[in-house]
Amino acid sequence: MTAADAYDLECTGVSKDFGDFRAVDDVSFRIPSGTFFSILGPSGCGKTTLMRMIAGFEDPSAGEISIKGKSVLSVPPNKRNVKMVFQHLALFPMMNVYENIAYGLRCAGASKDEIARKVADVLERVALPDLARREIHQLSGGQKQRIAIARCMALNPDVLLLDEPLGALDLKLREAMKIELKLLQNQFDTTFVYITHDQSEALVMSDYVAVMNAGRFEQVGRPEELYHAPETAFVAGFVGDSNRWQGRAVDVQGGEVKVETEAGLTVVGTPRGAREITPGAAVEVFIRPEFVTASPLDAAPPQPAAENTVRGKVDGVLFNGANSRVLVRGPAGDLIEADVVVTGGPQDLREGDAVRLDWASAQTMCFAS
Amino acid sequence: MSADAKRLSLILLFAPFALWISLLIILPHIGMVALSLREKVAPRVYEFGFGNYIDFINEPIYWNTLLRTGSMSLLVTVLALLIGFPVAYYIAKIAGKRSRGALFLMCLIPLWVSDLIRAFGWILLLRETGVVSSVLIWSGMTTEGIEFLYNDVTVVVGLVYTVILFMIVPLVSTLDGMGDDMIEAGYNLGGNTLTVLRRIIIPYAMPGIVAGCIVVFMLTAGSYLTPILLGGKNSSWFTEQIYDQFITRFNWESGAAFGILLLAFTSFVVWLGLRLSGQSLANTVAKT
């Protein structure tokens, strides 16, 4: 096995212009075999264009796309061994489930017996063995999803592209399908490239996530890297929830930055990202709600003492089971979110309670802006 | 709204339709059937019998005309489909959103002019002293004027031109409902252009194709003006026979029998077409 074989999909310097508008700007990445790779970005960031270039429906203006080490730029879409699950699935309504799956195999010139065997096999693998004779309109949303994947997987693709296929499902089904997709990917052991604007889908399912913004990749990494060690302010803001403040650096020393926010709050944090923070520079500060501890004023302060402490008043309690949160009005009048455990007992924080918020400087991420 | 008011509004809405159907469709047909089953035995003396139908079978020129009308109508239908499908596909799938409306409107414009005027247009173009013939003489490709009228080709061309709109409209509306991702999925799964057309686009558009074909076939087989004006005496169109029996020969009994035969024949062809394409009337009409 050569080094090139280890990557199912490789993009080098890929760009795409639509007139004056640059939809995809110099994107390079490579995906090791058998990984679940997500491209996460807000709508209009160019992720769908990138996927359409990989599938062959658009030609890149510049750059190189290789699959299994071979350039596919001159290969038409129907000859690329890249299959795609469309946003609205695009199952053929005039064919039943069997015919939908058999379509690709017929195009590949498989014999009748082979088609029957492969269709049965792939239906078995998506756990819908009895549905072969069903019509498409008789399937539930989750079943359609699995049939759309089965239709692609029957052809044994090198790479499976998924274009936000969970977008049309209701919340409960979406949660279930997230886990199911991950299991299916494990089972088929094929490289999945998953496009989404939903960060929780990307974080839960992926081995690697690329965060895309305005046509560029901001950062590629494991989900926990993106979450805990974002390289840019965009990634810090887009992945996960954060308290976010604009401010000015007043002091930089010993790997710590002291920032005065626009609202007048002074916080101590650590510099992140490639750009150096100098005193007086504009900075953006991010602190995730789960790293902010909210406690009643009379409780003992945390040991060791946190670098940042703020007193305030509870402005509202956002109850959401295990993910409950309080909104605290700080001394400077700004709202700070902090995760809390709501037990239903008397010690729970309530609206109007005076509280102290503590958080460590190590988790306070400062980016030069 | 009370139940009575609801019923009243239903009756009021339904009344014009019921009147139209019963007075203009059902009643004349009952009359036609009754008329066609009368045999003239002496002046003003009639008796019940199938004589008019037996006459039709015994006279080859009658059923030959019917078969000729049927086969030429099928040819017109096929040509209208072959020409109309690419046009409809272009309008529905390839043209931009803005030009789509304009193109559709351009298809409709010929309908603003009456059948008669359009047929005269063709006559102006194709007669011996017409535009085409004159241009050919002027360019030196021929020395004498050529008569393009009064042959089957002209009749077919004229009919295709008259009815093609009724093929394009249902096709555009079905093709419009097909997402682009359906076609892309067809390619993505390994199909070439021919496979995608044959296995995806045409099956998807089938209700529209069948609906368009039914309308076009019925219109063509029942048309009168175009075959007469462009085909002249040679056109031997079956509607001409019916007109002849009613008006020229004043033989209403025979004319009525021919009318019923034309209806039965075209209905049979449509039924056969539906059977062969595996579509149902409800399916095609409801979907387009």
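All figures in this text were calculated on a predicted structure; none of them were measured in a lab.

### Some points on the UniProt feature "domain: ABC transporter" (unreviewed entry) in chain A
At step 1: What UniProt calls "domain: ABC transporter" (unreviewed entry) maps, in this numbering, to residues 9–239 of chain A.
At step 2: Between the C-alpha atoms that bound residues 9–239 of chain A there is a distance of 24 Å. The span itself is 36% helix and 27% strand.

### Considerations on the UniProt feature "domain: ABC transmembrane type-1" (unreviewed entry) in chain B
At step 1: Taking the numbering used here, the UniProt-annotated feature "domain: ABC transmembrane type-1" (unreviewed entry) corresponds to residues 66–273 of chain B.
At step 2: Taken end to end, residues 66–273 of chain B is 79% helix and 0% strand, and its first and last C-alpha atoms sit 18 Å apart.

### Some thoughts on the interface of chain B and chain A
How big an interface is tends to be expressed through the accessible area that disappears when the partners come together.
At step 1: Contacts between the two partners involve 16 residues from chain B and, on the opposite side, 17 residues from chain A.
At step 2: For the side of chain B that touches chain A, the element with the highest residue contribution is helix α8 (residues 180–188) of chain B, accounting for six residues.

### Structural notes on the domain arrangement of chain A
All names here are of chain A.
At step 1: By the assigned domains, chain A splits into domain 1 (4–233) and domain 2 (241–369).
At step 2: A straight line from the C-alpha centre of domain 1 to that of domain 2 covers 39 Å.
At step 3: In this assembly, four residues from domain 1 lie in contact with seven residues from domain 2.
At step 4: Residue composition of the side of domain 1 that touches domain 2, grouped by class: two nonpolar, one polar and one charged.

### Describing the nonpolar core
At step 1: Ranked by size, the top nonpolar core spans 141 residues in total, and within it Val85, Leu161 and Val193 of chain A carry the most contacts.
At step 2: Membership of the second largest hydrophobic core comes to eight residues, among which are Trp237, Phe238, Ile242 and Phe258 of chain B.

### A few points about the UniProt feature "transmembrane region" (unreviewed entry) in chain B
Residues and elements named next belong to chain B.
At step 1: The UniProt record annotates "transmembrane region" (unreviewed entry) at residues 72–91, 103–125, 148–172, 204–225 and 256–274.
At step 2: Overall, residues 148–172 shows 84% helix and 0% strand. The separation of its end C-alpha atoms is 33 Å.
At step 3: As annotated, residues 256–274 has a helix share of 100% and a strand share of 0%, and its two end C-alpha atoms lie 27 Å apart.

Procedures and definitions
- Starting afresh in each chain, residues are numbered from 1 along the sequence in its written order.
- Chain labels run from A onward and ligand labels from 1 onward, assigned in the order the entries are written.
- The model is predicted, so local features are restricted to residues of pLDDT at least 70 and side-chain atom pairs to those at 80 or more, both for listing and for counting; the totals for chains, interfaces and linings are taken over all residues.
- UniProt positions are given in the numbering used here, feature names are shortened, and annotations may be inferred rather than shown by experiment.
- Per the convention used, a helix needs a DSSP run of H or I reaching at least four residues, while a strand needs a run of E reaching at least two, with both numbered from the N terminus.
- By the convention adopted here, residues make contact when the C-beta atoms placed from their backbones lie within 7 Å.
- The start and end points of each domain follow an automatic or database-based domain assignment.
- We call Asp, Glu, Lys and Arg charged. Ala, Val, Leu, Ile, Met, Phe, Trp, Tyr, Cys and Pro are nonpolar, and the rest, Gly among them, are polar.
- Definition of nonpolar core: a set of buried Ala, Val, Leu, Ile, Met, Phe, Trp, Tyr and Cys residues joined via C-beta atoms within 7 Å.
- Exposure criterion: with C-beta atoms placed from backbone coordinates, a residue whose C-beta has 20 or more other C-beta atoms within 10 Å is buried, one with 12 or fewer is exposed, and one in between is partly exposed.

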